[in-house]
Amino acid sequence: MIWQRVFAMAHKEWREIVRDRLFFSLAFVVPALLMVLFGYGLSLDVENIPFAVVDQDHSAASREYAWRFIGSRYFQFRGYSESEREAGQQLASGQIRVALVIPPQFGRTLGRGQAAQVATLVDGTFPSRAMTTKGYVTAISTAFTLQSLSARVAAQSGASVEVVQKALQPVTLETRYLYNQSVSSIWSLAPKLIMVILMLSPPFLTALGVVREKENGSIFNIYASNMSRGEFLVGKLMPYVLISTINILVLWLLATVLYQVPFKGSFLFFLPATLVYVLCTTGIGLVVSVLVRTQVAAMIVTMIVTMIPAVLYSGLIIPIVSLGSGASIVAHLMPAMYYTDIVVGCFLKGVGIESVWRPLLVLTGFAVVLFMLGYAGFSKRPST
Amino acid sequence: MSTRTREIVLAVRRFQAMLVKELKQLGRDRVLLAFILYAFTIDIFLAASGVSLSLNNAATLVQDHDHSAASRELTGRFRAPYFRIDGQVAHDKDGLAALDQGKAMVVISVPEGLQKNLATGRQTPVAMQVDTTNSVLGFLATSDAQTIIARFGLESALAKLGVAANAGNMSGLPVVNNEIRVWYNPNQDDSWFMGISEMLNIATVFSVLLPAAAMVREKERGTVEQLVVSPLSPLGILLPKVVSMTGVILCGIALSLFLVLIPVFGIPVKGSLGLFFGLSALYVFTTAGLGLFAATIARNLAQAGMLSILILAPMLFLSGAWTPPEAMPEWLRGMMYASPLHYYLDVAFGVLLKGQGASELGISIAGMSSIGLGVFAAGLLLFRRQFD
């Protein structure tokens, strides 16, 4: 490999990129913009759930029960509904996601010291949100039950309500949240967004860059030149890796400065590890580009191969352990999942190479295999 | 009158010729075709079968310092489907190490003296460590644990007070039994949500990319010059492109619906399929306007590609499927209401799962078509200007 040729190739490619002003600026704007948009918009917290109350009882107890929900920050009260049917319609149209139905005799049944029934209707279109909502509803209902129970026992035994309430909770739960003490979703989200964005943008740039030469026919210059395959590929990819490296820094700054995510690990480990990941994703772009002949196909194949797995099978929204077998295989075949371990480890856990050497090794393997595939697939004597 | 008829016949013939040309061009790109097929079948199958957002069998370790009947009873309540006890740990260090390596998600430690305290009436703090790297699951695990502990505490306290309080036998006490009914997806089957939303995402990707690419390609290769000198109007060039791509995407949607979603995952089609396909056609057709928009700005395919990521990624992520509108900041909510996918999502879930008709979906349909037609008209106008 003659480095002079490699640099000449890299220089040519760099000029081509820089002269295409729109493309050049988009290469930097797109990752940063996505980071900002998703950081603010992709909130997995379930709060302010719009809900309505159907109070068929109109008693003090039913109002108090409803108030437990109205006053909660998890629910956003959208008014009383006349009937269960009306609430059902609101639920169908998406105006509310939860309806609380308190039947008649609610207050009287409780007053008699008997169990009262209440129904909650939850919109199950989005299952994970429905699960979380169920958690809130159960918690609020349990708190109310505890209070009404202690009031009753206190009245019978003569002890004060506080004492009874304590006696009814002989076991308490003290929860310690690890790695993300405030359970704020931006802290867990931002590092993973770096992973997703670096999965999207480098392969796209690379695939388009290589296929562009193929489709325009300018690649015949390379076929006819004395430049070797390796020299061409290394020189060609160098500028794209450089752009992605700058993007790594930009994304890291956005995460730590804009979103104030604590960075507990060492930057000197984070940067090279991320660079390995970028080489992997660039390699995906390379493999796609030797497979396809047109830029349209390059765009679509890259999109399907990178974007969807990066979101679904990388641990961004769904942890790898809860994936089914088919999806889990796909997850293990993609570099994103391994890098998630590294980036989350660097940001939130503050671990270094000693605990994430395994994923790093896998990533290195990926990079090597992908580049070998690209090298083998790229021929200076194409069959057609 | 006859010249008028001839003109119409001519226009139809030109339309036909262009349509055939577009379909042939698409059909000859084998790799592309294979990927369209893959995306609408296997990819949707994987997304629907493989992804679960609910708390399932969270790996749990127990640190039992009490070794009593009570502590065994308490930890025994952490069971499937939410928790899965993976074993015991003796020291804090082992528990932390398991959490660090991601082998466990929850570590529960029961302090010494639980059974004694239960008898004497002193409060016992049970500690729980949760890996909240994934905040949603961390929350779900905590809330489920809270429910389990509260229930256990209440039952043992009532038992001590001499009130029989087995699970089903609290009817003699002033408690509130809140029966939660989940509509439209009673088993909270993630595959329904994931499958449908994946189908919509794929349709969106193709309806932006395919027309944009088809247009820019002509520009880049210079074949657009041939079209300009031909007797075709700008609309006559544009319309066949969009119509052919819409047809291909609708076929894809039909494939995924009838081959994957309905037979494999048993998605109930509660509403009318005709309405669903009609509205899908409207959606795909109008979303193509966004692609044309990108195509008119871009001078080559690389630019068009980056621009379409810029359009697509926010559309896909901020459609309201992952984050409900009420959880978004004000300025982003505005952007979401401007995204046609947001309305299409309501339409698709409304028709397929809720069984809604056109009248109930009026607002969504109006929103989708007005935004779509607006963008399409703007795209056409810009495209026209390029010809002059």
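Computed from a predicted model, the values in this text were never measured in an experiment. (Residues numbered from 1 in each chain as written. Chains lettered and ligands numbered in written order. Predicted model: local features only at pLDDT ≥ 70, side-chain atom pairs only at ≥ 80, totals over all residues. Heavy atoms only, no water.)

The next point concerns the overall build of chain B. The number of helices and strands found in chain B is 14 helices and five strands. The C-alpha radius of gyration computed for chain B amounts to 29 Å, which surpasses the reference 21 Å derived for 388 residues by more than 25%, pointing to a less compact arrangement than a globule. Taken along its principal axes, the extent of the C-alpha atoms in chain B is 100 × 45 × 40 Å. Taken over 388 residues, chain B has a buried fraction of 55%. Expressed as a percentage of contacts within chain B between residues at least 6 apart in sequence, the contacts between residues at least 24 apart total 77%. About 16100 Å² of surface is accessible on chain B, with carbon and sulfur atoms providing 60% of the total. Of the side-chain charges in chain B, 29 are positive and 27 negative, and the distance between the mean point of each set is 10 Å. (Helix = DSSP H or I, 4+ residues; strand = E, 2+ residues; numbered from the N terminus. Rg over C-alpha atoms; globule rule 2.2 N^0.38 Å. Buried < 20%, exposed > 50% of the residue type's maximum accessible area, 1.4 Å probe, protein only. Contact = heavy atoms within 4.5 Å. Areas by Shrake-Rupley, 256 points an atom, 1.4 Å probe, with all protein chains shown as cover. Lys, Arg positive; Asp, Glu negative; His and termini not counted. Charge placed at Lys NZ, Arg CZ, Asp CG, Glu CD.)

Accessible area lost on assembly of the parts is the figure often given for the size of an interface. By domain assignment, chain A separates into domain 1 (3–42 + 184–377) and domain 2 (49–167). Each of domain 1 of chain A and domain 2 of chain A has a C-alpha centre, and the two are 49 Å apart. (Domains from an automatic or database assignment.)

In this section: empty space enclosed by the protein. Unoccupied space between atoms shows up once a probe the size of one water molecule is rolled over them. Overall, the coordinates contain six cavities of 30 Å³ or more when judged by the stated rule. Roughly 120 Å³ of volume is contained in the second largest cavity. Contributions of two or more residues to the lining of the second largest cavity are made by α12 (295–312) of chain A together with α7 (190–221) and α11 (301–317) of chain B. Per element, the largest residue contribution to the lining of the second largest cavity is four residues, and it comes from α12 of chain A. In terms of residue class, the lining of the second largest cavity is made up of eight nonpolar, one polar and one charged. (1 Å grid on protein atoms, 1.4 Å probe; cavity = no way out; pocket = protein on both sides within 12 Å on 5 of 7 lines; lining within 4 Å. Points joined across faces, edges and corners; volume = space filled by probe spheres on them. Nonpolar A, V, L, I, M, F, W, Y, C, P; charged D, E, K, R; others polar.)

Here we take up helix α10 (residues 273–297) of chain B. Here α10 of chain B is 25 residues long and its end C-alpha atoms lie 37 Å apart, about the 36 Å a rise of 1.5 Å per residue gives. The N-capping residue of α10 of chain B, defined by a side-chain oxygen 3.4 Å from the backbone nitrogen of glycine 274 of chain B, is serine 272 of chain B. (Expected span 1.5 Å × (residues − 1). Polar contact = N/O pair within 3.5 Å; in protein donor to acceptor, adjacent residues only side chain to side chain.)

Attention now moves to the side chain of serine 71 of chain B. All names here are of chain B. By secondary structure assignment, the location of serine 71 is in helix α3 (residues 69–76). Residue class for serine 71 comes out buried when judged on its relative accessible area of 0%. A distance of 2.8 Å separates polar atoms of two side chains, one belonging to serine 71 and the other to aspartate 64. When near neighbours in sequence (up to four residues on either side) are disregarded, serine 71 contacts Asp64, Asp66, Val110 and Leu114.

Further remarks concern the sheet that holds strand β1 (residues 49–55) of chain A. Across the sheet, five strands lie side by side as β2(A)-β1(A)-β3(A)-β4(A)-β5(B); this open sheet has mixed pairing. Looking at the sheet topology across the chains shown, the edges are occupied by β2 (75–80) of chain A together with β5 (176–183) of chain B. Sheet twist, expressed as the mean angle between neighbouring strand axes with direction ignored, is 25 degrees. In this structure, strand β3 (residues 98–102) of chain A lies alongside strand β4 (residues 116–123) of chain A, joined through four bridges in antiparallel fashion. The residue of β4 of chain A that forms the bridge with alanine 99 of chain A is leucine 121 of chain A. (Pairing = 2+ DSSP bridges. Axes fitted to C-alpha atoms, helices over the stretch in contact; angles between N-to-C directions.)

Another aspect to go through is the packing of helix α1 (residues 2–28) of chain B against helix α9 (residues 234–265) of chain B. Residue and element names in this part refer to chain B. Interhelical geometry of α1 versus α9 gives an angle of 50 degrees and a closest axis separation of 9 Å. Regarding the angle of α1 to α9, the classification is oblique. Read as a crossing pair, α1 and α9 show a hand that is right-handed. Side by side, α1 and α9 meet where Phe15, Met18, Leu19, Lys21, Glu22, Leu23 and Leu26 of the first sit next to Gly236, Ile237, Leu239, Pro240, Lys241, Val243, Ser244, Met245 and Val248 of the second. Here the residues of the contact of α1 with α9 sort into eleven nonpolar, two polar and three charged. (Parallel < 35°, antiparallel > 145°, perpendicular 65-115°, else oblique. Left-handed = near helix turned anticlockwise from the far one by under 90°.)

What follows is about the environment of aspartate 86 of chain B. Residue and element names in this part refer to chain B. Looking at the secondary structure, you find aspartate 86 in strand β2 (residues 83–88). On the basis of relative accessibility, which here comes to 41%, the residue aspartate 86 falls in the partly exposed class. The spatial distance from the C-alpha of aspartate 86 to the C-alpha of lysine 103 is 9.5 Å, given a sequence separation of 17 residues. Setting aside chain neighbours within four positions, we find aspartate 86 in contact with Ala59, Thr60, Leu61 and Lys103. In terms of polar contacts, aspartate 86 uses its side chain to reach the side chain of arginine 84, at 2.9 Å.

A contiguous nonpolar surface patch, about 420 Å² in accessible area, is contributed by Met1, Trp3, Phe7 and Val234 of chain A. Tracing the sequence through the fold places valine 234 of chain A in helix α10 (residues 229–258). (Patch = residues over 30% accessible without salt bridge, like charges linked within 9 Å, V, L, I, M, F, W, Y side chains within 5 Å. Salt bridge = Lys/Arg side-chain N within 4 Å of Asp/Glu carboxyl O.)

Turning to the interface of chain B and chain A, a few remarks are in order. If you look at the interface, chain B gives 119 residues, while chain A gives 119 residues. Summing the contributions of chain B and of chain A, the shared interface buries around 10600 Å²; its carbon and sulfur component is 69%. Of all residues in chain B, Pro174, Met306 and Phe317 of chain B bury the most surface against chain A, accounting for 7% of the area lost on that side. There are two salt bridges connecting chain B and chain A. Linking glutamate 84 of chain A and arginine 181 of chain B is a salt bridge whose minimum nitrogen-to-oxygen distance equals 3.5 Å. (Buried area = accessible area lost by both parts, 1.4 Å probe.)

Split into domains, chain B comes out as domain 1 (2–51 + 188–387) and domain 2 (58–160). Taking only C-alpha atoms into account, the centre of domain 1 of chain B sits 50 Å from that of domain 2 of chain B.

Time to look at the nonpolar core. Among the nonpolar cores identified, the biggest contains 170 residues, and Met35 of chain A together with Phe206, Ile253 and Phe276 of chain B are the most heavily contacted of them. Counting residues per element, this core draws most heavily on α7 of chain B, at 18 residues. Every residue in contact with phenylalanine 206 of chain B, bar those within four places of it in the chain, is listed here: Ile300 and Ile304 of chain A together with Phe35, Ile36, Ala39, Phe40, Pro211 and Ile249 of chain B. (Core = buried A, V, L, I, M, F, W, Y, C linked by side-chain atoms within 4.5 Å.)

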